[in-house]
Amino acid sequence: MGIKIANALLAVLAGVGGAVAVFYLLNKLGELLPGRWEERVKPFLWLFPALAAIGVYLIYPTVQTIIFSFANASSTQFIGLSNYSDLLASSAFQTTLVNTLLWIIIVPAGTIVLGLLIATLADRLEPRAEKTAKTFIFLPLAVGAVSAGAIWRFVYAASPASQEQVGLLNGIVTGVGGDPVNWLQISSGKLNSFLLMVILMWLQAGFAMVLLSAAIKGVPVDTLEAARLDGAGEGAIFFRVVVPQIRTSLITVFITVLITVLKTFDIVYVMTNGNFGTNVIAVDFYNQLFTNSNAGYAAAIVVMLMLVMIPIMTYQIRQFRAEEVSR
Amino acid sequence: MSSGTVATPIQLQSDTASVGSNTKARGGKKPDVGGKSPLWVRIVVGLLCALWIIPTLGLAVTSFRPADQANSSGWWTIFTSPSVTLQNYSDVFSRANMGEAFVNSVAITVPATIIPILIAAFAAYVFTFMQFKGRDFLMVMIVALLVVPTQVALVPLLKLYGDLGISGTFLAIWLAHIGFGMPLAIYLIRNYMATLPKEIIESAKIDGASHFQTFWRLIIPMSTPALASFAIFQFLWVWNDLLAALIFVGPGSNQPLTIALVSLLGNQGQGWQLLTAGGLFTMLVPILVFLSLQRYFVRGLTAGSVKG
């Protein structure tokens, strides 16, 4: 153990020290150049490590993945579009797509509703209580998806009917006289998929709450007063006055949660590994790559994932350009 | 953040500085000014908080229960028949190698957090304060890469690592997290640097300071909030990461806590008491970071949660 720690420490120092040394050398290299050239070349010297990282870890692999998606399982021969047509024709992948679609529809919407509910209600509490309540809701976001898997595995756990129940949900069911249910294996009505979505909503609600709460606090009071003077009820004020004014924040939360949903891997992987009809696209990718050793299918799956991301990417770039103009 | 301002999902939100950021500037907003909030509001919020905390409480309680009880009765029975032990924690260290995994997690996370900040700070400085051809194109490319899912990169990188023979090493996973975190790091830090007053840079230039000196002595100290926000986001991202760890490190002597925890999840024959103790142990560092650095934490998370 002592050696392990010493090794780790050495590795950390070497890694960080190496990075510092690279920049020191790059800067020295720039200073060796004659004046005018120094100014011209320096930006690229300083950018080089960042661009190299992006090039090797994002751009090269993306291009390569697109190429692999047209090749066979071991990426040795091109087979045209068959990876795509095979996948789309297989009923297992169709289930995966349907599940992913359900995640896309339910989780962002559910997260926003929960976040709005908590933000609106907590805003009416006295400051100390508001802060405490928000900390509780936010905490899951820190613990991460794998730990969340451990937490919820324990909530959904099922013991045989003859034994006492360990899982909370079955404890409640048997407590009111029912039979224990093996929650994660019930695919009828997509119940098990929905129970997995609950975990992601539990994780993400705090994020939605923080952003939406800040937005709600920013709504000018006079607009609310005016509506109240006109005799609008609290419900009407909320939907017709508050919601339109926090639109940008709602879109932000929606997009962010949507991206999280599309990439969801850990939760499904640790809870069911995609079995019992709960598979989603990111888990299917992993299993195609490692369980089936089919790099072609795996690549085709991520390319489809990327295609879904393109509208989001376009939106991001448009927003970025608009911000640059207003800067 | 209300009407008028343009918000992208990844901008640094100064108005969401902490979970409980309480800017009650608008006195007249509540229907019952000065009075207490209605009872039903407090009941609903209380219920929601209970719903949010009870699953975690169950895990925490079980991790301190003796093995035979943890596996034969619900954790809530501890309130009627209390009995507490620390045996589970010594067991996860000796039987599940959680101690070693903890050291690995630290060894993976620290460089994977510090190195990208250094690299991105230099790049952000260039994008903010230097003029060169292709600057706008490169910046748009970085914004586009923000949403590219890391899954895209995994198959080719695995092959590349296989050729280089570095699969399973710390270096393999450091480099991966540096690459994957780079667009967000540059974007966040550049956005912050762009708000710094340009006159300071100009006067430093007139005083004869080189870019290198301006960078280290002026810009880095002034950019601390953005650096801290990214640092915390990246730290938690890497600490809680499972996918990249599974692919580039895998189970074995270099595995981080997340993989160790997943193998506990896979072998439930070892019992709930080990899984819950391992789970709580894995969460310890993120929760401490969260409670002590809440302000930066929320800022980093809200700014960074779209990262692929």
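Here is what the cut-offs are and how they apply
Residues numbered from 1 in each chain as written. Chains lettered and ligands numbered in written order. Predicted model: local features only at pLDDT ≥ 70, side-chain atom pairs only at ≥ 80, totals over all residues. Heavy atoms only, no water. Helix = DSSP H or I, 4+ residues; strand = E, 2+ residues; numbered from the N terminus. Rg over C-alpha atoms; globule rule 2.2 N^0.38 Å. Buried < 20%, exposed > 50% of the residue type's maximum accessible area, 1.4 Å probe, protein only. Contact = heavy atoms within 4.5 Å. Areas by Shrake-Rupley, 256 points an atom, 1.4 Å probe, with all protein chains shown as cover. Salt bridge = Lys/Arg side-chain N within 4 Å of Asp/Glu carboxyl O. 1 Å grid on protein atoms, 1.4 Å probe; cavity = no way out; pocket = protein on both sides within 12 Å on 5 of 7 lines; lining within 4 Å. Points joined across faces, edges and corners; volume = space filled by probe spheres on them. Nonpolar A, V, L, I, M, F, W, Y, C, P; charged D, E, K, R; others polar. pLDDT = per-residue confidence, 0-100. Axes fitted to C-alpha atoms, helices over the stretch in contact; angles between N-to-C directions. Parallel < 35°, antiparallel > 145°, perpendicular 65-115°, else oblique. Left-handed = near helix turned anticlockwise from the far one by under 90°. Polar contact = N/O pair within 3.5 Å; in protein donor to acceptor, adjacent residues only side chain to side chain. UniProt positions renumbered as here; feature names shortened; annotations may be inferred.

### What to know about the overall build of chain A
Here is step 1 of the chain: Counting its secondary structure elements, chain A contains 13 helices and 0 strands.
Here is step 2 of the chain: Helices and strands in chain A line up, N terminus first, as α-α-α-α-α-α-α-α-α-α-α-α-α.
Here is step 3 of the chain: In terms of overall dimensions, chain A is more spread out than a globule: its C-alpha atoms have a radius of gyration of 26 Å, far above the 20 Å expected for 327 residues.
Here is step 4 of the chain: For chain A, the spread of C-alpha atoms along the three principal axes comes to 80 × 60 × 55 Å.
Here is step 5 of the chain: Residue burial in chain A is summarised as follows: out of 327 residues, 54% are buried.
Here is step 6 of the chain: Put simply, of all contacts in chain A between residues at least 6 apart along the chain, 64% involve residues at least 24 apart.
Here is step 7 of the chain: Accessible surface computed for chain A: about 14000 Å², of which carbon and sulfur atoms make up 68%.

### A short note on the pattern of salt bridges
Pairing between side chains of opposite charge can happen when their charged atoms approach one another.
Residue and element names in this part refer to chain A.
Here is step 1 of the chain: For the coordinates displayed, the defined rule picks out 9 salt bridges over all chains.
Here is step 2 of the chain: The salt bridge involving Arg 228 is made with Glu 225; its shortest N-O contact spans 3.7 Å. One end of the pair, Arg 228, and the other, Glu 225, are both in helix H8 (residues 221–229), 3 residues apart, so they sit about a helical turn from each other.
Here is step 3 of the chain: Using a relative accessible area of 35% as the deciding quantity, one classes Glu 225 as partly exposed.
Here is step 4 of the chain: The network of salt bridges with common partners includes Asp 123, Glu 130, Lys 134 and Lys 217.

### Considerations on the layout of surface pockets
Here is step 1 of the chain: Roughly 610 Å³ of internal volume is contained in the largest pocket.
Here is step 2 of the chain: Thr 128, Phe 129, Met 130, Gln 131 and Arg 135 of chain B are the residues nearest the centre of the largest pocket, which is lined by 26 residues in total.
Here is step 3 of the chain: If you list the elements that add at least two residues to the lining of the largest pocket, you get helix H2 (35–68) and helix H13 (295–326) of chain A together with helix H4 (98–129), helix H5 (135–145), helix H8 (198–206) and helix H9 (211–222) of chain B.
Here is step 4 of the chain: The residue inventory of the lining of the largest pocket, partitioned by class, reads 11 nonpolar, 5 polar and 10 charged.

### Concerning the confidence of the model for chain B
All names here are of chain B.
Here is step 1 of the chain: Per-residue confidence for chain B gives a mean pLDDT of 83; residues scoring 70 or more make up 83%.
Here is step 2 of the chain: Here residues 1–18 scores under 50 on pLDDT; set against residues more than four positions off or in separate chains, the count is 66 contacts.
Here is step 3 of the chain: This stretch, residues 20–34, has a pLDDT under 50; its non-local contacts, to residues over four places away or in other chains, come to 36 contacts.

### Structural notes on the packing of H13 of chain A against helix H7 (residues 170–193) of chain B
To describe two helices that pack against each other, one gives the angle between their axes and the distance between the axes.
Here is step 1 of the chain: The contact between H13 of chain A and H7 of chain B brings their axes to 13 Å, and the two run at 20 degrees. In this view, H13 of chain A runs roughly parallel relative to H7 of chain B, as classed from their interaxial angle. The way H13 of chain A lies across H7 of chain B gives a crossing that is left-handed. Across the interface between the two elements, Phe 320, Glu 323 and Glu 324 of chain A of H13 of chain A pack against Tyr 187, Arg 190 and Asn 191 of chain B of H7 of chain B.

### Points about the side chain of Ser 73 of chain B
Here is step 1 of the chain: Summarising the element assignment, Ser 73 of chain B is placed in the loop between helix H2 (67–72) and helix H3 (87–94).
Here is step 2 of the chain: The buried category is assigned to Ser 73 of chain B, whose relative accessible area is 10%.
Here is step 3 of the chain: A polar contact of 3.0 Å, which involves the side chain of Ser 73 of chain B, links it to the side chain of Arg 65 of chain B.
Here is step 4 of the chain: Residues contacting Ser 73 of chain B, with those up to four places away along its chain left out, are Glu 164, Gln 165 and Val 166 of chain A together with Arg 65 of chain B.

### So, the environment of Glu 199 of chain B
Residues and elements named next belong to chain B.
Here is step 1 of the chain: Take Glu 199: it is sitting in helix H8.
Here is step 2 of the chain: Under the relative-accessibility criterion, Glu 199 is labelled exposed at 58%.
Here is step 3 of the chain: Along the chain, Glu 199 and Leu 291 lie 92 residues apart, while their C-alpha atoms are 37 Å from each other.

### Observations regarding the UniProt feature "transmembrane region" (unreviewed entry) in chain A
Here is step 1 of the chain: Within this structure's numbering, the places UniProt gives as "transmembrane region" (unreviewed entry) are residues 6–26, 46–71, 101–123, 135–155, 194–216, 237–262 and 295–317 of chain A.
Here is step 2 of the chain: Spanning residues 101–123 of chain A, this segment combines 96% helix with 0% strand, and its end C-alpha atoms are found 33 Å apart.

### Digging into empty space enclosed by the protein
Here is step 1 of the chain: Under the criterion given, the structure shown has 6 cavities of 30 Å³ or more.
Here is step 2 of the chain: As a volume, the largest cavity reaches approximately 680 Å³.
Here is step 3 of the chain: What lines the largest cavity is a set of 30 residues, and nearest its centre among them are Ala 145, Gln 204, Thr 260 and Asp 266 of chain A together with Trp 237 of chain B.
Here is step 4 of the chain: Of all the elements in the fold, those that place two or more residues in the lining of the largest cavity are helix H5 (127–156), helix H7 (191–217), helix H10 (247–263) and helix H11 (266–271) of chain A together with helix H6 (151–164), H7, helix H10 (224–240) and helix H11 (243–248) of chain B.
Here is step 5 of the chain: Take the lining of the largest cavity: its biggest share by element is 5 residues, from H5 of chain A.
Here is step 6 of the chain: In terms of residue class, the lining of the largest cavity is built from 17 nonpolar, 10 polar and 3 charged.

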